[in-house]
Each structure stands twice: as structure tokens, then as C-alpha cells.
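Results of the structural survey
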Amino acid sequence: MNILKRIGWEIPEHQATPEAAVLNRRAVLAGAAALSIGGTLAPGAARAAAAAPTALPTPAGLPAMNPPRDMTYRAGRALTPEKIATTYNNYYEFSEDKDLWRAAQKMTVSPWSIRIDGLVGKPRTVGLDDLLKQVTLQERVYRHRCVEAWAMTVPWTGFPMAELVKLADPLGSAKYVVFTTVEEPKAMPGLDSPLYPWPYVEGVTMAEAMNDLAFVSVGLYGKPLPKQSGAPIRITLPWKYGFKSGKAFVKVSFTETMPKTFWAQLAPDEYGFWANVNPAVPHPRWSQATERLIGTDQRVPTQIYNGYGPFVASLYAGMKGDMLFR
Ligand code: MTE
């Protein structure tokens, strides 16, 4: 595998923020911090921000989704406008460019079924419609932080990953949950690239999957997920770098051994299994101290675990080292 080629969603060297520049910006950032986590955003304000109309297509035949918003997790900053969040994506199966949303419309997302296998009592295939009848949808506004140091704030519709795990009924020996993305060669030109170890595979430990913050998303901004955002079903892990949140999964496997994840196969020192957000652990080629909010391009300080430490830090008690943050 030739990993000397720059992975497309990486920041080119000339765009990465040098440490010195970051330090010089601290005074400016101190002001920006007032806008970050810890502050609360009134639900009405968030709703208003989310109400921007969009002309973007969503999968045909699927209903609008307006379940109640779970207010446990406050984003503490304004929602990213829908049109911006849904036209700036990473989805390598389609393209290495961010404006892949047009190309993604070629994908077929209905009917959709998911294979549940590995260490489970009864391996089986479940239709998405059936699955959705067995869970309770809610909306959660999460911060979303890419390893490339851009970030957004979006309202997902979905259900806790723990509900999916319980439905799957894993055996006691299961230690990891592994999500595999669909491969649609006719719609996804990226699959032709021999550089990448398709299919896109991501995974978490059972403890991470059972944490309430781990979410399975089927909607965005009160509508079914747009194709470019991972339709019809994706994972959402807001305390980790975005590459952990695999899109359009068709298989959920329970394993005893740590899975070989997509990016870790390409560059294990840069994109490991854990990938928890941490401003103090730079990517080997750029700083993670700050992040750029897409839409405004404002630079704000990165927060450890993307600000979700109170909910997830205990998952890593007793574990040490930078590997948790790459
Ligand atoms: N899932 C698949 N199948 N293919 C991908 O290329 N990119 C990842 C992740 N999930 C990716 C993926 C990366 S690098 C990021 S930052 C997020 O999706 C981006 O999610 P978004 O486009 O919805 O913001």
C-alpha cells in the first residue's frame, strides 16, 4: 500500500496551522472560547438556526423526521447552516473532493438491509424499515470534528447505538462492534482506486458502543439523511475524529479482536483505532489545537474529547498514551 500519496482529506502541508501561529493566536482564541462548549444555546435559537431552507435532494420516498430533541447534550454553539453542512463532505467512495454531493445522488439507498453477524446468538439480516420500528427516534445536536481540523454543528435524527447492540443480542465474548459500508461500484467511482482497502470499515469497543453518546443516525436537519451524509444509516461518534463515523453501513459484526479499520490500514500512526479528539496531541503533520468552523471559518480551540469528556472519559480510565488520540 503506497501511503506516501497524500490521503485526499488530509490537510496539505501548506494549509496545516504551524504551532507558532497557533500560539500567537491564543489571545484571539480566548475570546472565541466564550462561544464554545459550556455555554448553552437556547433550543429555540438552535431551531431557528436549523430552519434555513435547502434545495438539496433527500432520498425519495422517506418521511420527514421530527422526533423530540434530546437536550442532554448541548452543542454550545450555533448550528452550521444546512446547505453548508451538506455540501462539504468526506466520502471517498465517491470522491476525494469535498463537493461530492452531486455525485452521491447516483447511489441507491432503498430498499436497504443490514446484516448482523459474528458473535451474536442468531446471525440475521434486518430490513431498515423493520429496524426503525424497533427503536425510538430522537434528535441530537452534536459537534462534529474532522481530523483535518474543520468542524461543524449539526442536528442528527437517530437512536442510541446501545439500542442496536441490544437488538443484535451479542454473545458475552464480543469485544468490538464493526460497521462495514456498502459498496455500490456503479455509483461509487472511488471504489476503483486500488490505493484504498475497500470496503470502508470502522469499529468501536462494546463499552464505547454502549455509551449513550454513541449514536446511529438516519436523519439530518429533520429530514432523512442526504446521500452525501451517509444515507440511509450511519454511525455518529462525536467525541472522536469524524473518520470513525462510517457512512451507509450494511453490516454490523461483533468480534473478539480489534478490527482492521479502513484508515488504520493505510496509516496506523496517523489514523488509529481510537481517534479520540485531543488538542494536545497533534496529528504527525499538523496541529489539532484549534479547529475551523465551516460556514464562518472562525477558528476556535479544540476541546478534549470534542468537549464530551464528562460523558466518555471514563471509558478510557487506566489507559494512557497518545495512541488514544490518533
Ligand atoms: N464513511 C465512508 N464510508 N467513507 C468515507 O470516506 N469519511 C469519514 C466519515 N465517514 C468517510 C466515512 C470522514 S474522514 C469524515 S470527517 C466524516 O465521514 C465526514 O462526515 P460528513 O461528510 O457527513 O461531514
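The structure we're discussing is the one just above.
Below you will find a few notes about this structure. (Residues numbered from 1 in each chain as written. Predicted model: local features only at pLDDT ≥ 70, side-chain atom pairs only at ≥ 80, totals over all residues. Heavy atoms only, no water.)

1. Thoughts on the environment of Lys244
You can see Lys244 is positioned in the loop between β9 (234-236) and β10 (249-255). Spatially, the C-alpha atoms of Lys244 and Trp263 are 9.0 Å apart, while their sequence positions differ by 19 residues. Beyond its immediate stretch of four places on either side in the chain, Lys244 contacts Glu202, Gly203, Ile235, Leu237, Thr261, Gly272, Phe273, Trp274 and Ala275. (Helix = DSSP H or I, 4+ residues; strand = E, 2+ residues; numbered from the N terminus. Contact = heavy atoms within 4.5 Å.)

2. A short note on the site of the ligand
Taken together, the neighbourhood of the ligand is formed by 19 residues, with Tyr92, Glu93, Arg234, Ser245 and Lys247 sitting nearest. At 2.7 Å from an oxygen atom of the ligand is found a side-chain nitrogen or oxygen belonging to Arg234. When grouped by side-chain class, the residues that make up the shell around the ligand number eight nonpolar, eight polar and three charged. (Near = heavy atom within 4 Å. Polar contact = N/O pair within 3.5 Å; in protein donor to acceptor, adjacent residues only side chain to side chain. Nonpolar A, V, L, I, M, F, W, Y, C, P; charged D, E, K, R; others polar.)

3. Section: the sheet that holds β10
Strand order in the open sheet made by the five strands is β2-β1-β10-β5-β6, with mixed pairing throughout. Each having just a single partner strand, β2 (124-127) and β6 (201-205) make up the two edges of the open sheet. Ignoring strand direction, the axes of neighbouring strands in this sheet form an average angle of 20°. Lying on the sheet, helix α7 (residues 161-168) is in contact with β1 (113-118), β2, β5 (176-181), β6 and β10; it crosses β10 at an angle near 70°. (Pairing = 2+ DSSP bridges. Axes fitted to C-alpha atoms, helices over the stretch in contact; angles between N-to-C directions.)

4. Let's talk about the pattern of salt bridges
In the structure shown here, the tally under the stated rule is 13 salt bridges. A salt bridge links Glu202 to Lys244, with the nearest nitrogen and oxygen atoms 2.6 Å apart. One end of the pair, Glu202, is in strand β6; the other, Lys244, is in the loop between β9 and β10, and 42 residues separate them in sequence. The burial state of Glu202 is the same as that of Lys244; both residues are buried. In this structure, Arg292 engages Asp297 in a salt bridge whose closest nitrogen and oxygen atoms are separated by 2.8 Å. The exposure class assigned to Asp297 is partly exposed, which follows from its relative accessible area of 47%. In the salt-bridge network here, residues are joined through shared partners; they are Asp70, Arg140 and Asp212. (Salt bridge = Lys/Arg side-chain N within 4 Å of Asp/Glu carboxyl O. Buried < 20%, exposed > 50% of the residue type's maximum accessible area, 1.4 Å probe, protein only.)

5. Considerations on the packing of aromatic side chains
Going through the model one piece at a time under the given rule, you end up with 23 aromatic pairs. When the ring of Tyr196 is compared with that of Trp263, the centres are 5.9 Å apart and the planes differ by 80°; the resulting orientation is edge-to-face. Remark: Trp263 occurs in helix α9 (residues 262-266) and Tyr196 occurs in the loop between β5 and β6; sequence separation between them is 67 residues. Here the two residues Tyr196 and Trp263 agree in accessibility, since each one is buried. Taken together, the ring pairs connect Tyr92, Tyr196, Trp198, Tyr200, Phe243, Phe262, Trp263 and Tyr271 into an aromatic cluster. One cation-aromatic arrangement involves Lys98 over Tyr88; the distance from NZ or CZ to the ring centre is 5.7 Å. Sitting above the plane of the Phe273 ring, Lys244 keeps its charged end 4.1 Å from the centroid. (Phe/Tyr/Trp six-rings, centres within 6.5 Å; stacked < 30°, edge-to-face > 60°. Lys NZ or Arg CZ within 6 Å of the ring centre and 35° of its normal.)

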